[in-house]
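What follows is the residue order along each chain.
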Amino acid sequence: MGNLLKVLTCTDLEQEPNFFLDFENAQPTDTEREVWEKVDLVLKDARGILDELQAYKGAGQEIREAIQNPNDEALQKAAWVAVVPLVGKLKKFYQFSQRLEAALHSLLGALTSETYDNPTQNLEREQALAKQFAEILHFTLRFDELKMTNPAIQNDFSYYRRTLSRMRINNTPTEGEKEVNNELANRISLFYADATPMLKTLSDGTTKFVSENKNLPIENTTDCLSTMASVCKVMLETPEYRSRFTSEETVSFCLRVMVGVIILYDYVHPVGAFSKSSKIDMKGCIKVLRDQPPNSVEGLLNALRYTTKHLNDESTNKTIKSMLQQQ
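Read on for an overview of the structure.

Definitions and limits used
- Residues numbered from 1 in each chain as written.
- Predicted model: local features only at pLDDT ≥ 70, side-chain atom pairs only at ≥ 80, totals over all residues.
- Heavy atoms only, no water.
- Core = buried A, V, L, I, M, F, W, Y, C linked by side-chain atoms within 4.5 Å.
- Buried < 20%, exposed > 50% of the residue type's maximum accessible area, 1.4 Å probe, protein only.
- Helix = DSSP H or I, 4+ residues; strand = E, 2+ residues; numbered from the N terminus.
- Contact = heavy atoms within 4.5 Å.
- Disulfide = S-S within 2.5 Å.
- Expected span 1.5 Å × (residues − 1).
- Arc of directions from axis to C-beta.
- Salt bridge = Lys/Arg side-chain N within 4 Å of Asp/Glu carboxyl O.

### A closer look at the nonpolar core
Link 1 in the chain: The biggest cluster of nonpolar side chains holds 102 residues, and the ones touching the most others in it are Phe-23 and Phe-133.
Link 2 in the chain: For this core, the leading source of residues is helix α4 (residues 73–111), giving 17 residues.
Link 3 in the chain: Contact partners of Phe-133, with chain neighbours within four places excluded, come to Leu-104, Leu-107, Leu-108, Leu-111, Leu-225, Met-228, Val-261 and Leu-264.

What follows is the structure, given as structure tokens:
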């Protein structure tokens with residue numbers, strides 16, 4: 001598998017690594033450009049989505065006052081007026097998840113194609129697309145971290161649905177229903193009910209990609225994911241690689257991407273990321289996470305503990321389980 005395997009199987013760290021996935025500066029070639037431009041539109045909006053989610057405060061106070069004073073029409077109206085625009089934002093986030101899934105399918109189509117001899121060459125020669133794939137994973141884990149620490153999201157949406165239902169029963173006309181009709185509300189509710197909604201979107205999307213492309217060997221997809229995990233691990237643990245990062249933020253970016261592809265691999269591969277037959281060096285990846293400042297990686301370790309599919313299988317190595325359980 002070319003130069004990358006020399007790095008991945010190399011135990012002598014003094015040997016100069018000869019494959020580097022440039023997450024900071026990779027630019028699209030002519031063959032990448034069509035897919036790259038399509039995905040770039042989505043990624044540009046992703047930054048704004050994270051900013052909006054980070055700034056999301058919720059309507060907790062207005063909702064509490066309305067619930068505590070059910071006969072006070074002014075407070076009911078105030079809560080409704082506060083919640084409706086927030087539901088508009090939640091709808092926007094949900095709709096963005098669908099665009100993200102479509103972008104993922106475009107990238108997987110390119111990175112798992114049989115244009116080259118194997119997925120490793122795809123990653124090596126289509127670095128701008130590999131970088132975009134990494135950016136989608138980085139966004140996904142960041143979105144879910146923010147969502148998990150903001151209970152207002154589900155509280156606001158639950159209040160919206162309850163109030164809307166009551167208004168329908170009472171035949172009360174409402175502008176708010178134009179924002180989210182009942183069918184869409186059901187889908188949005190399912191989306192936010194998941195602890196990690198964007199990760200579930202990507203996991204389901206990757207599984208769907210594999211099932212819809214039956215002419216493409218599943219190994220093309222799983223090898224693409226395992227290779228990306230290995231590249232991230234090697235870049236993080238090898239001083240010669242790490243010294244080429246111009247920003248410390250690239251380290252956290254690399255860590256998120258590594259965890260993201262492990263989770264996707266665990267969902268798509270028939271026996272998952274933790275089995276002996278897995279092409280991902282899970283012990284090595286966990287060690288890389290453990291070598292970082294604890295506060296910076298606890299969320300990523302939790303993602304491996306609680307959002308993977310096969311960790312608790314009987315076939316999972318006990319050492320791997322204990323490494324993840326250590327606090």
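### Some remarks on the state of the cysteines
Link 1 in the chain: For the structure on display, the rule yields zero disulfides.
Link 2 in the chain: Residue Cys-254 stays outside any disulfide, its sulfur separated by 4.1 Å from that of Cys-232, the closest cysteine.
Link 3 in the chain: Judged by relative accessible area, Cys-254 falls into the buried class, the value being 0%.
Link 4 in the chain: Free of any disulfide, Cys-285 has its nearest neighbouring cysteine sulfur in Cys-232, separated by 8.5 Å.

### As for helix α8 (residues 182–193)
Link 1 in the chain: The end-to-end C-alpha separation of α8 is 16 Å, in line with the 16 Å expected for 12 residues at 1.5 Å each.
Link 2 in the chain: For α8, the complete set of buried residues consists of Leu-184, Ala-185, Ile-188, Phe-191 and Tyr-192. Taken end-on, α8 shows its buried residues confined to a sector of 120°, consistent with a single buried face. Among the exposed residues of α8, those oriented more than 90 degrees off its buried face are Glu-183, Leu-190 and Ala-193.
Link 3 in the chain: Buried positions along α8 lie against α4, α6 (127–148), α7 (152–169) and α9 (197–212).

### Focus on the pattern of salt bridges
Link 1 in the chain: For the structure on display, the rule yields 13 salt bridges.
Link 2 in the chain: Two residues, Arg-142 and Glu-145, come together in a salt bridge whose shortest N-O distance is 3.3 Å. Of this pair, Arg-142 and Glu-145 both sit in helix α6, three residues apart, which is roughly one turn of the helix.
Link 3 in the chain: Across the pair Lys-200 and Asp-204 runs a salt bridge whose closest N-O atoms are separated by 2.7 Å. Of the two residues, Lys-200 and Asp-204 both sit in helix α9, four residues apart, roughly one turn of that helix.
Link 4 in the chain: Salt bridges here are not isolated pairs; linked through shared partners, they connect Arg-142, Glu-145 and Arg-256.

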